[in-house]
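# Residue-level structure breakdown
One-letter residues, chain by chain:
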Amino acid sequence: MLDLKFIRENVDLVLKNIEAKGENSDLEKLLKLDERRREIISEVEHLKHLRNVVSNEIALLKKEKKDANVKIEEMRRVSDKIKQMDEELRQVELEIKDELLKIPNILHETVPFGKDSNDNIVVRSWGQPKEINVPNHLEIAKSLNIIDFERGAKVTGSGFAYYVGRGAALERALITFMLEKHIYEHNYLELFPPFLVNQNSMIGTGQIPKLAEDMYHIEKDELYLIPTAEVPVTNYYSGEILNANDLPKKFVAYSPCFRREAGSYGKETRGFLRVHQFNKVEMVKFTTPETSYEELESLTMDAESILQALDVPYRVVLLCSGDTSFSSAKTYDIEVWSPAEKKWLEVSSCSNFEDFQARRANIRFKRTPNSKPEYVHTLNGSGLATSRLIVALLENNYNPEDGSVTIPEVLRHYTRFEKITQ
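Residues numbered from 1 in each chain as written. Predicted model: local features only at pLDDT ≥ 70, side-chain atom pairs only at ≥ 80, totals over all residues. Heavy atoms only, no water.

## So, the confidence of the model for the chain
Formally: pLDDT measures the predictor's confidence residue by residue and takes values from 0 up to 100. Should any heavy atoms of two residues lie within 4.5 Å, those residues are counted as being in contact.
The predicted model of the chain has a mean per-residue pLDDT of 94, with 98% of residues at 70 or higher. Considering only residues more than four positions removed or in separate chains, one finds that residues 263-268, a stretch of pLDDT under 50, has 10 contacts.

Okay, structure coming up:
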């Protein structure tokens, strides 16, 4: 959430940013509400001052045994007016909050202007993409009996799957390997978060109201299935004040992720290219404003190190303005190569939200015990999401001579096998 004073003083910048992100925020409505809010406050202050002055006059009249009924009646009307305007102020402030939640974060100055993913910039790449003809991940998985989408659809619906046998072992190995690498090599503290959160938590990280239709909502309990561990982990400190000497705070968490993705039908829906439930290891940082962009670079490198260890070709892409999410100030996507699809698939987004989420979730820090609280900067990145990573692993490690898949060496300690064979 942006600061209202900042919006008021930077209207052109905020409008330009709304347009650059392709949003439809009603800034004019917000500014009119803000103007009315200030009018009400000014008028109420005037009426309260008048009431104080006349109250003193009434006291003096009573002391002098004079009739004060006219002034008393006048002040009764003034008090009623103040009460009425206080209620209007409360309603206006609620509307202002609702409108503020619809204004996107300001883009960082290094984000390139562009309309969509075609305007993103490749920052760097690692490994050599394989230009080979291989079966796609669904065909490989079916031949090896390691992933079952048909029974997933029978039991739940499309976009859900079972991991079977060595497929389940591979998935579990990936999660454990990624967690341990981030914990023991990159010094993140592990959390095992709730998979259900309340509405305030979803508002805090920006999923609501912007992405409400994509969320799984349990109306009876007013809870949401998490779309990513970012939500419960970022809200770990909601409403709290941290010590600057303790920053940055670095957390890593595994969770399943649940997304309806209502607007995604017709795009890359085959197999694991787009599913409604998937597993992910998430990294979250809380930093001071001065260090947040250094921390974004290191966060991205931490995610990259997973792919390097797995020997999967990838590239890092700086998202343009039109492809940067509502809440993010700057985002790098990490994409792996799919030989069968002959395209790059996103497996991680690493973002700096600056103080956008912290304002919504009220997460602050103090530089000294007596200093004024400031908002932290929050960052997160997938480290990594497993669904499309499984696609890349199956296709890049496929052995055409016998239809087997070779397990990356770093995972064999966890899988206890070197190959998945027919």
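Still more to cover.
## Quick word on the side chain of Ser 25
Filter applied, for reference: Numbering of helices and strands runs from the N terminus, with a helix taken as a DSSP run of H or I at least four residues long and a strand as a DSSP run of E at least two residues long. In the analysis that follows, any N or O atom pair within 3.5 Å is treated as a polar contact, provided that within protein one partner can donate a hydrogen and the other can accept it, and provided that, for residues neighboring in sequence, both atoms belong to side chains.
Relative to the helices and strands, Ser 25 resides in the loop between α2 (11-20) and α3 (27-63). Only 2.6 Å separates the side chain of Ser 25 from the backbone oxygen of Lys 102, close enough to count as a polar contact. Residues contacting Ser 25, with those up to four places away along its chain left out, are Ile 18, Lys 102, Ile 103 and Pro 104.

## Focus on helix α12 (residues 386-396)
Since the α-helix advances by 3.6 residues per turn, residues separated by three or four positions end up pointing in the same direction. Condition: Only protein chains enter the accessibility calculation, which uses a 1.4 Å probe; a residue whose area is less than 20% of its type maximum is buried, one above 50% is exposed, and one in between is partly exposed.
Burial analysis of α12 places 11 of its 11 residues in the buried class, which makes it a mostly covered element. All of the buried residues in α12 are Thr 386, Ser 387, Arg 388, Leu 389, Ile 390, Val 391, Ala 392, Leu 393, Leu 394, Glu 395 and Asn 396.

## Structural notes on the environment of Lys 62
Tracing the backbone through its elements, the reader meets Lys 62 in helix α3. Distance from Lys 62 to Val 252, taken between C-alpha atoms, is 70 Å for residues 190 residues apart in sequence. Apart from the residues within four sequence positions on either side, Lys 62 is in contact with Ala 68 and Ile 72.

## A closer look at the sheet that holds strand β19 (residues 419-420)
Counted only if it meets this: Paired strands, in this sense, are two strands between which DSSP finds at least two bridges.
In spatial order, the strands read β17-β18-β19; together these three strands make up an open sheet with antiparallel pairing. The open sheet has two free edges, formed respectively by β17 (398-399) and β19, since each of these has just one partner strand. Across two bridges, the pairing between strand β18 (residues 404-406) and β19 is antiparallel. By the bridge assignment, Val 405 is partnered in β19 with Ile 420.

## Observations concerning the sheet that holds strand β5 (residues 196-198)
Spatially, the three strands line up as an open sheet ordered β5-β7-β6, and their pairing is antiparallel. In this open sheet, the two strands that pair with only one neighbour each are β5 and β6 (217-218). Bridging between β6 and strand β7 (residues 223-225) involves two bridges; their strand directions are antiparallel. Bridging from a neighbouring strand, His 217 pairs with Tyr 224 of β7.

## Observations regarding the packing of α3 against helix α4 (residues 69-100)
To keep things clear, this is the line we draw: The convention used is that axes are lines fitted to C-alpha atoms, helices contributing only their stretch in contact, and that angles between N-to-C directions extend from 0 to 180 degrees. Geometric relationships in this document are graded by angle, where less than 35 degrees denotes roughly parallel, more than 145 denotes roughly antiparallel, 65 to 115 denotes roughly perpendicular, and other angles denote oblique. Crossing handedness follows the turn of the near helix against the far one: under a right angle anticlockwise gives a left-handed crossing, and clockwise gives a right-handed one. All residues other than Ala, Val, Leu, Ile, Met, Phe, Trp, Tyr, Cys, Pro, Asp, Glu, Lys and Arg, Gly among them, are scored as polar; the first ten of these are nonpolar and the last four charged.
Two elements in contact, α3 and α4, have axes whose closest approach is 9 Å; the angle formed by their N-to-C orientations is 160°. As the angle between them shows, α3 and α4 are arranged roughly antiparallel. Crossing handedness for the pair α3 and α4: left-handed. A per-class count over the contact of α3 with α4 returns 19 nonpolar, one polar and 16 charged.

## Quick notes on the pairing of strand β10 (residues 277-287)
Among the 11 residues that make up β10, 10 are buried, leaving the element largely enclosed by the rest of the structure. Alignment of strand β9 (residues 249-258) against β10, held across 10 bridges, turns out to be antiparallel. If you follow Lys 249 over to β10, its bridge partner there is Phe 286. Across seven bridges, β10 lies against strand β16 (residues 377-385) in antiparallel orientation. Along β16, the bridge assignment pairs Phe 286 with Thr 378.

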